[in-house]
Amino acid sequence: MSSKEADRISAAQQTLDTLYEISQLLNTQLDKETLATCVGMIESGVNPEALAAVIQELRREAAAVQNAHSDVR
């Protein structure tokens, strides 16, 4: 691996670490892997607002399923 490539990887990791710290301060409840996936999707052209809406909807659906399962017990 070249020095330039190692620097690029290091910078990307530092950026992700900073974004993760910000996401923790904002209580996004995103783990580092999910955050990296979201960043990659946005870098590929996905609309950030649409992505946020999908994540919120998935969380609502997951909560509804979890509530339904706890009501059955």
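A brief structural summary.

About the thresholds
Residues numbered from 1 in each chain as written. Predicted model: local features only at pLDDT ≥ 70, side-chain atom pairs only at ≥ 80, totals over all residues. Heavy atoms only, no water. Helix = DSSP H or I, 4+ residues; strand = E, 2+ residues; numbered from the N terminus. Rg over C-alpha atoms; globule rule 2.2 N^0.38 Å. Buried < 20%, exposed > 50% of the residue type's maximum accessible area, 1.4 Å probe, protein only. Areas by Shrake-Rupley, 256 points an atom, 1.4 Å probe, with all protein chains shown as cover. Lys, Arg positive; Asp, Glu negative; His and termini not counted. Charge placed at Lys NZ, Arg CZ, Asp CG, Glu CD. Salt bridge = Lys/Arg side-chain N within 4 Å of Asp/Glu carboxyl O. Expected span 1.5 Å × (residues − 1). Axes fitted to C-alpha atoms, helices over the stretch in contact; angles between N-to-C directions. Parallel < 35°, antiparallel > 145°, perpendicular 65-115°, else oblique. Left-handed = near helix turned anticlockwise from the far one by under 90°. Contact = heavy atoms within 4.5 Å. Nonpolar A, V, L, I, M, F, W, Y, C, P; charged D, E, K, R; others polar.

Side note on the overall build of the protein
1) Next: Counting its secondary structure elements, the protein contains three helices and zero strands.
2) Next: For the protein, the α and β elements follow one another from N to C terminus as α-α-α.
3) Next: For the protein, the C-alpha radius of gyration of 17 Å lies well beyond 11 Å, the compact-globule estimate for 73 residues.
4) Next: Along the three orthogonal principal directions, the C-alpha set of the protein runs to about 60 × 25 × 25 Å.
5) Next: Classification of the 73 residues of the protein by burial places 8% in the buried group.
6) Next: A total of about 6,000 Å² of accessible surface is found on the protein, and carbon and sulfur atoms cover 56% of it.
7) Next: Measuring between centres, the 6 positive side-chain charges of the protein sit 1 Å from its 11 negative side-chain charges.

Thoughts on the pattern of salt bridges
1) Next: One pass over the structure, following the stated rule, counts two salt bridges.
2) Next: In this structure, Asp17 and Lys32 form a salt bridge, with 2.5 Å as the shortest nitrogen-oxygen distance. Of this pair, Asp17 sits in helix 1 (residues 3-25) while Lys32 sits in helix 2 (residues 32-43), and the two are 15 residues apart along the sequence.
3) Next: On the accessibility criterion, Asp17 (26% relative accessible area) is partly exposed.
4) Next: On the basis of relative accessible area, Lys32 is assigned to the partly exposed category, the value being 33%.

Section: helix 1
1) Next: If you check helix 1, its first and last C-alpha atoms are 33 Å apart, about what 23 residues at 1.5 Å a residue would give, namely 33 Å.
2) Next: Backbone geometry just downstream of helix 1 places Asn27 in the positive-phi region, at approximately 55 degrees.

Things to note about the packing of helix 1 against helix 2
1) Next: Taken N-terminus to C-terminus, the directions of helix 1 and helix 2 make an angle of 110 degrees; their axes are 10 Å apart at the nearest point. It follows from the interaxial angle that helix 1 and helix 2 lie roughly perpendicular. Note on packing geometry: the crossing formed by helix 1 with helix 2 is right-handed. Taking contact as the criterion, the partners of Gln13, Leu16, Asp17, Leu19, Tyr20 and Ser23 in helix 1 are, on helix 2, Lys32, Leu35, Ala36 and Val39.
2) Next: Split into classes, the residues belonging to the contact of helix 1 with helix 2 amount to six nonpolar, two polar and two charged.

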